[in-house]
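One-letter residues, chain by chain:
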Amino acid sequence: MLIARSIAELRQHLAPSQRPAFVPTMGNLHAGHIKLIERARPQGDLTVASIFVNRLQFLPHEDFDSYPRTWEADCAKLEAAGCDVVFAPRETDLYPQPQTVKVQADPSLGDILEGEFRPGFFTGVSTVVMKLFSSVFSGKAHGVAVFGKKDYQQLMVIRQMVAQFALPIEVIGVDTCRAEDGLALSSRNGYLSERERAEALQLSLALRALGRDALATADALAKHLPALEAKAIDNLRQRGWQPDYLTVRRRHDLQTPQAGDALVVLGAAKLGTTRLIDNFEI
Ligand code: PAF
């Protein structure tokens, strides 16, 4: 497995490839990331993963400094999974000057849900992903990029960016990887105490219950949805959580659903100091 520390080095390593398959990550890899690599591998002629903790997508009070950095273990996992190239740029290489030119998601998608509670988050994500895409795919006729559905809204934002900028990249979304009890795998699960880890499952249980309630309303979904969402939020709050949102949306653009739309139920809530997100397509 080759390691590239700069964009120039990466482009050298990728020179023989016509169709790279790319998995962007912030490191601290778990089984969910490895599933993305496994999905990417047969899609391209060379598999590349990036490890870069992107300062632009963290708010000032968030965990940029303490975000887990586990370089040696990450490389061992990537190598075992058959990754060919790891791109781990220094911050000064990806952002040699302050990144003043940014990619802004359409506000109707980027400023709702995660974007409402983490203002600027999707600008940070879109900007770094555009830069990673240009590092990996420039000069290539085709490419494939693989993202987890755990960050469902992120996947929608990236799909929209790729479509609107006509990037020659196929974006693949991969189902969320879960622990045996059903908790969505996340690097931030490592912040949970033993007691919190046992409680953490309640977010996905609340989302499943909300999804069931929503499906049971059939054609009257729009009428009943506000009350169902309020009930789900209140139940979690009573267990000691601080929920940001639990909501049912239509899948493709995350707007309020109408009868007949394909649905996704999404939620974000803080347990102690750890903010967790989860979702289910229903
Ligand atoms: O999902 C992540 O890990 C990050 O948001 C990403 C896509 C690697 C951009 O920093």
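In case you missed it, the structure is sitting above this.
None of the values given here were measured: they were computed from a predicted structure.

Draft legend 1. A look at the site of the ligand. In the region of the ligand, the neighbouring residues are P24, T25, M26, N54, Q57, V128, F147 and Q154. Contact between the ligand and Q154: an oxygen atom at 2.7 Å from a side-chain N or O atom of the residue. In isolation the ligand has 290 Å² of accessible area, and contact with the protein removes 88% of it. Of the residues assigned to the shell around the ligand, the class counts are four nonpolar, four polar and no charged.

Draft legend 2. View of the packing of helix 1 (residues 7-14) against helix 7 (residues 121-137). Viewed as axis vectors pointing N to C, helix 1 and helix 7 meet at an angle of 45 degrees, and their least axial separation amounts to 8 Å. When the axis of helix 1 is compared with that of helix 7, the two are oblique. For the pair helix 1 and helix 7, contact is made by I7, L10, R11 and L14 and by S134, S135 and V136, respectively. Here the contact of helix 1 with helix 7 is built from residues that sort into four nonpolar, two polar and one charged.

Draft legend 3. Structural context of the sheet that holds strand 9 (residues 274-281). Spatial ordering of the open sheet is given by 7-8-9, a layout of three strands whose pairing is antiparallel. Sheet topology places strand 7 (242-250) and strand 9 at the edges, where each strand pairs with a single neighbour. Within the sheet, the average angular offset between the axes of one strand and its neighbour, ignoring direction, is 10 degrees. The pairing of strand 7 with strand 8 (residues 263-271) spans eight bridges and is classified as antiparallel.

Draft legend 4. Region of interest: unusual backbone geometry. Its identity is not glycine, yet N28 carries a phi of approximately 50 degrees, on the positive side. Mapped onto the elements of the fold, N28 is located in the loop between strand 2 (20-25) and helix 2 (31-40). For N28, a relative accessible area of 17% corresponds to the buried category. Even without being glycine, L113 reaches a positive phi, approximately 50 degrees. In this fold, L113 is placed in the loop between helix 5 (107-110) and helix 6 (114-117).

Draft legend 5. Local environment of helix 2. Along helix 2, the residues classified as buried are G32, H33, I34, L36, I37 and A40. Here the buried face of helix 2 lies against strand 2, strand 3 (46-51), helix 3 (71-80), strand 5 (143-148) and strand 6 (169-174).

Draft legend 6. Expanded view of the packing of aromatic side chains. Summed over all chains, the structure comprises nine aromatic pairs. Judged by centre distance (4.9 Å) and plane angle (65 degrees), the ring pair of F121 and F122 falls under edge-to-face. The buried category is assigned to F121, whose relative accessible area is 8%. It is R5 that lies over the ring of W71; its NZ or CZ is 4.5 Å from the centre.

Cut-offs and rules
- Residues numbered from 1 in each chain as written.
- Predicted model: local features only at pLDDT ≥ 70, side-chain atom pairs only at ≥ 80, totals over all residues.
- Heavy atoms only, no water.
- Near = heavy atom within 4 Å.
- Polar contact = N/O pair within 3.5 Å; in protein donor to acceptor, adjacent residues only side chain to side chain.
- Areas by Shrake-Rupley, 256 points an atom, 1.4 Å probe, with all protein chains shown as cover.
- Nonpolar A, V, L, I, M, F, W, Y, C, P; charged D, E, K, R; others polar.
- Axes fitted to C-alpha atoms, helices over the stretch in contact; angles between N-to-C directions.
- Helix = DSSP H or I, 4+ residues; strand = E, 2+ residues; numbered from the N terminus.
- Parallel < 35°, antiparallel > 145°, perpendicular 65-115°, else oblique.
- Contact = heavy atoms within 4.5 Å.
- Pairing = 2+ DSSP bridges.
- Buried < 20%, exposed > 50% of the residue type's maximum accessible area, 1.4 Å probe, protein only.
- Phe/Tyr/Trp six-rings, centres within 6.5 Å; stacked < 30°, edge-to-face > 60°.
- Lys NZ or Arg CZ within 6 Å of the ring centre and 35° of its normal.

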